[in-house]
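Letter by letter, the chains look like this.
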Amino acid sequence: MKYVGQQSRIFCFILALLLFSSPYLAAAAKETAASADSAIQVIANGKPLDLVVKPIILKGNVMLPMKSLFDKIQINASYEKGTILVIRDGIRITASLNQTKVTIGDRVVQLTQPPTAQNGRIYIPVRLVALILNQDVTYDAAKKQVTIGFTQEQTDAFQRNLFEAAMHGDAASAEAMLKKGADPNGMLIKMYGQNTPLDYAVLKSATDVVRVLLKYGARVEHTGQDLGFTTILHQNSELLDMLLTAGLNPNSSGNTGTLLQTASGIIGIGNESGEFTNQLPNVAVVQVLLSHGADPGIDDSLTQAVQAESYPIIQALLQAGADPYKLDSNQSTPYQRSTSRGISKWMKIQDKQPVIPVLHLVDDKGKPLFDGTLALRSNDSTNRTQMFNWSVGTAYLDLPDGSYTLLNVSTYSTTTLMPKGITLVIKDGQVESPELKLPAPNVLGTVSFSSPDFKDNGSLFIYDSTGKYYYGTIQVSNKKFQTYLPAGEYRIVEYNDGTASFEVDSSFTLGENATQLDVSVTVGALKQLNQH
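Residues numbered from 1 in each chain as written. Predicted model: local features only at pLDDT ≥ 70, side-chain atom pairs only at ≥ 80, totals over all residues. Heavy atoms only, no water.

Peer 1: Can you help me understand the pairing of strand β2 (residues 41–44) in this one?
Peer 2: Walk down a regular strand and you will see the side chains alternate between the two sheet faces. Note: β2 against strand β14 (residues 145–148), four bridges, orientation parallel. The residue bridging V42 from the neighbouring strand is V146, located in β14. Examined bridge by bridge, β2 and strand β3 (residues 47–49) share three bridges and lie antiparallel to one another. In the strand pairing of β3, A44 is matched with K47. As consecutive antiparallel partners, β2 and β3 are separated by two residues, and within that stretch N45 has a phi angle of approximately 50°, a positive value. (Pairing = 2+ DSSP bridges. Helix = DSSP H or I, 4+ residues; strand = E, 2+ residues; numbered from the N terminus.)

Here you go:
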């Protein structure tokens, strides 16, 4: 028996050697063996993935390393006792090693190649990846390339569509593109320059699009434009709050100062024809900035609020620590500026806005005169003259009850002189006739200079025909001026360009009921330099 057993074992060993050396079984053995193929590249939504563990070929099928792949594409999967579990959008997906059945919720799908374990690692077939991700996953044998999701051409189209959605304020389309893998921080430089979709969404004040972009990871510091200033221009406090919450610096600054300084003042907005409109500050925007830590102590925000004559913004800045007696960048204080505007009573924290007499000024067509300066003389024994600047069409006249004579009104383009005066009466803290409609200019003038070194902007000093009674000054802009004067004889004796005064001797007569008189003025020799 011992002999026979030894012969049998020798025979079996020799038979095994013969079988495995045969060409047919050698080929079969090669087919069942798994081999890593480092040449196979994996592309996910147009981007190459650098997998720590490389794919393998098993029985002619590409198998992907589960952990290495899922770590890269951020898929949470668990593996326990031979079962793979992934939960996608609330749906349980399970697969087992060496089993072709996959359960997706309440349905079952059959694989041609099951998951397998090789060298201590789990590998899954391309089809299982497609089922887990609910995306197309293909293998191009010629290119040795696994494509997950979309091709480069498709992802480029998604990125373009994301920009278009941002530009048109289409939040639903923007989110659809982001779900397909569009990059919220991506740039298409040839088409849109150094800008991101977030830049365009903010430029269009598309709040819902910005919300979606931030949700998918848009970075406020990764943009080509100044998001804060653009949002302030749109006066979109909700959008500004989102950007500040996402990391926008509340104390950032630009050409117009800090965000807070810009938001606290009047903004001139130009159009394509070169015309400008004035945008008043928005208290909600200022409050959002302050709530996120904007510091009114580092800029001229209080000065800007005073010049905009905004009581609620002045109060918000004072409560946030703004100093009304601190010198601004033009070496004046907010309090000094408030005095020239008749609103110094606003410059302390208070619960109720003080009552100040107001005068609303409009032109001959009834349009509010946005800003300017007026002079009043008291009709009591003091005969005191006071000047008030105004903005937003309203002059605050911080004066006691009494009778006053309006001497002149000057705006950027027109000076209205009133030699006979207009009487204003203030009673019980109110102007009895609170709206003043100014007459249309009846004198149009042109200034010429004896030297090209003269400045084109300045002031003309106008007197009566004797040159003894001074009426006031007329503003000159780009060598032109316009004014309203009552009928009479007048003489212009001086021009001042801000640095020096120059001789002028020009007389003219304005007749009764004159609607327009053209006047030419020649500026002559230097009289004296201005005192500084």
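Peer 1: Where do I start with the UniProt feature "domain: Copper amine oxidase-like N-terminal" (unreviewed entry) in the protein chain in this structure?
Peer 2: Those places that UniProt annotates as "domain: Copper amine oxidase-like N-terminal" (unreviewed entry) correspond, in this numbering, to residues 44–148. Here residues 44–148 runs as 15% helix and 50% strand, with 5 Å between its end C-alpha atoms. (UniProt positions renumbered as here; feature names shortened; annotations may be inferred.)

Peer 1: How should I be thinking about the packing of aromatic side chains in this particular structure?
Peer 2: Aromatic ring pairs: the centre-centre distance and the angle between the two ring planes describe each pair. One pass over the full model with this rule turns up 13 aromatic pairs. An aromatic cluster of three or more residues is present, and its members are Y469, Y471, Y490 and F508. (Phe/Tyr/Trp six-rings, centres within 6.5 Å; stacked < 30°, edge-to-face > 60°.)

Peer 1: It is not clear to me how the sheet that holds β3 should be interpreted in this structure. Could you clarify?
Peer 2: Each strand in a sheet pairs with its neighbour through backbone hydrogen bonds, running either in the same direction (parallel) or in the opposite one (antiparallel). The four strands lie next to each other as β3-β2-β14-β13, forming an open sheet whose pairing is mixed. In this open sheet, the two edge strands, each paired with only one partner strand, are β3 and β13 (137–140). Averaged over all pairs of adjacent strands, the angle between strand axes in this sheet comes to 25°, irrespective of strand direction. Packing against the sheet, helix α3 (residues 66–73) makes contact with β2, β3 and β14, and its axis sits at approximately 145° to β3. Sitting on the sheet, helix α4 (residues 126–133) is in contact with β13 and β14, with an inclination near 150° to β13. (Axes fitted to C-alpha atoms, helices over the stretch in contact; angles between N-to-C directions. Contact = heavy atoms within 4.5 Å.)

Peer 1: Is there a simple way to explain the confidence of the model for the protein chain in this structure?
Peer 2: Low pLDDT marks stretches whose predicted atomic positions should not be read closely. When pLDDT is averaged along the protein chain, the result is 88, and 92% of the positions lie at 70 or above. Counting interchain partners and residues more than four positions distant, the pLDDT-below-50 stretch residues 1–32 has four contacts. (pLDDT = per-residue confidence, 0-100.)

Peer 1: Can you help me understand the nonpolar core in this one?
Peer 2: One recurring pattern in soluble globular proteins: nonpolar side chains tend to sit buried together. Residues V210, L289, I314 and L317 are the most contacted members of the largest nonpolar core, which totals 59 residues. Here this core takes six residues from helix α15 (residues 311–319), the largest share from any one element. Beyond its immediate stretch of four places on either side in the chain, V210 contacts L198, A201, V202, L239, M242 and L243. Judged by nonpolar contacts, the second largest core, of 32 residues, contains A44, M66, I73 and V129. (Core = buried A, V, L, I, M, F, W, Y, C linked by side-chain atoms within 4.5 Å. Buried < 20%, exposed > 50% of the residue type's maximum accessible area, 1.4 Å probe, protein only.)

Peer 1: I would appreciate a short explanation of unusual backbone geometry in the present structure.
Peer 2: Phi is mostly negative for residues that are not glycine, and the peptide bonds are mostly trans. Even without a glycine there, the phi angle at Q235 is positive, about 55°. Inspection of the secondary structure puts Q235 in the loop between α10 (227–234) and α11 (237–245). According to the relative accessible area criterion, Q235 is partly exposed, its value standing at 26%. A positive phi angle is found at E309, which is not glycine, with a value near 50°. Positionally, E309 belongs in the loop between α14 (301–307) and α15. Since its relative accessible area comes to 8%, E309 is described here as buried.

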